[in-house]
Amino acid sequence: MNDDSQALVARVDELESRLAFQEDTLAQLNDVIAQQDVQIRNLVERLRDISQKYQDLSFDMHKGTVPGNEKPPHY
């Protein structure tokens, strides 16, 4: 082989190596994104539960009255 062919083979080998590395990196990033999606969904569900519990407690504390519509204690 001449020098041009060897240089071309070396460049192709380098590109194939980079491509394999990038494919591996993309697969790892995809796994991380999938894990984060599960975590975010779980956190959103927990936040909904906590928000509902807070609303229930707030309603119980005000005995069913809408905050801001209750009469002051001196009436």
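Since this is a predicted model, take the numbers as computed values, not measurements. (Residues numbered from 1 in each chain as written. Predicted model: local features only at pLDDT ≥ 70, side-chain atom pairs only at ≥ 80, totals over all residues. Heavy atoms only, no water.)

## Points about the overall build of the protein chain
Next, step 1: For the protein chain, the count of helices and strands is 1 helix and 0 strands.
Next, step 2: The 75 residues of the protein chain split such that 1% are buried.
Next, step 3: Working note: accessible area of the protein chain is about 7,500 Å², and carbon and sulfur atoms make up 57% of it. (Helix = DSSP H or I, 4+ residues; strand = E, 2+ residues; numbered from the N terminus. Buried < 20%, exposed > 50% of the residue type's maximum accessible area, 1.4 Å probe, protein only. Areas by Shrake-Rupley, 256 points an atom, 1.4 Å probe, with all protein chains shown as cover.)

## A few points about helix H1 (residues 3-61)
Next, step 1: Between its first and last C-alpha atoms H1 spans 85 Å; for 59 residues at 1.5 Å apiece the expected length is 87 Å, and the two agree.
Next, step 2: Its side-chain oxygen at 3.3 Å from the backbone nitrogen of Asp 4, Asn 2 defines the N-terminal cap of H1.
Next, step 3: Count one or two residues on from H1 and you reach Lys 63, which has phi positive near 50°. (Expected span 1.5 Å × (residues − 1). Polar contact = N/O pair within 3.5 Å; in protein donor to acceptor, adjacent residues only side chain to side chain.)

## Some thoughts on the pattern of salt bridges
Next, step 1: Under the criterion given, the structure shown has 2 salt bridges.
Next, step 2: Across the pair Glu 14 and Arg 18 runs a salt bridge whose closest N-O atoms are separated by 3.1 Å. On the criterion of helical spacing, the pair formed by Glu 14 and Arg 18 is a turn pair, its members being 4 residues apart in helix H1.
Next, step 3: Residue classification places Glu 14 among the partly exposed residues on the basis of a relative accessible area of 40%.
Next, step 4: Note that Arg 41 is salt-bridged to Asp 37, the shortest N-O span being 3.0 Å. Placement of both Arg 41 and Asp 37 in helix H1 is noted, with a separation of 4 residues, approximately one turn of the helix.
Next, step 5: Since its relative accessible area comes to 56%, Arg 41 is described here as exposed. (Salt bridge = Lys/Arg side-chain N within 4 Å of Asp/Glu carboxyl O.)

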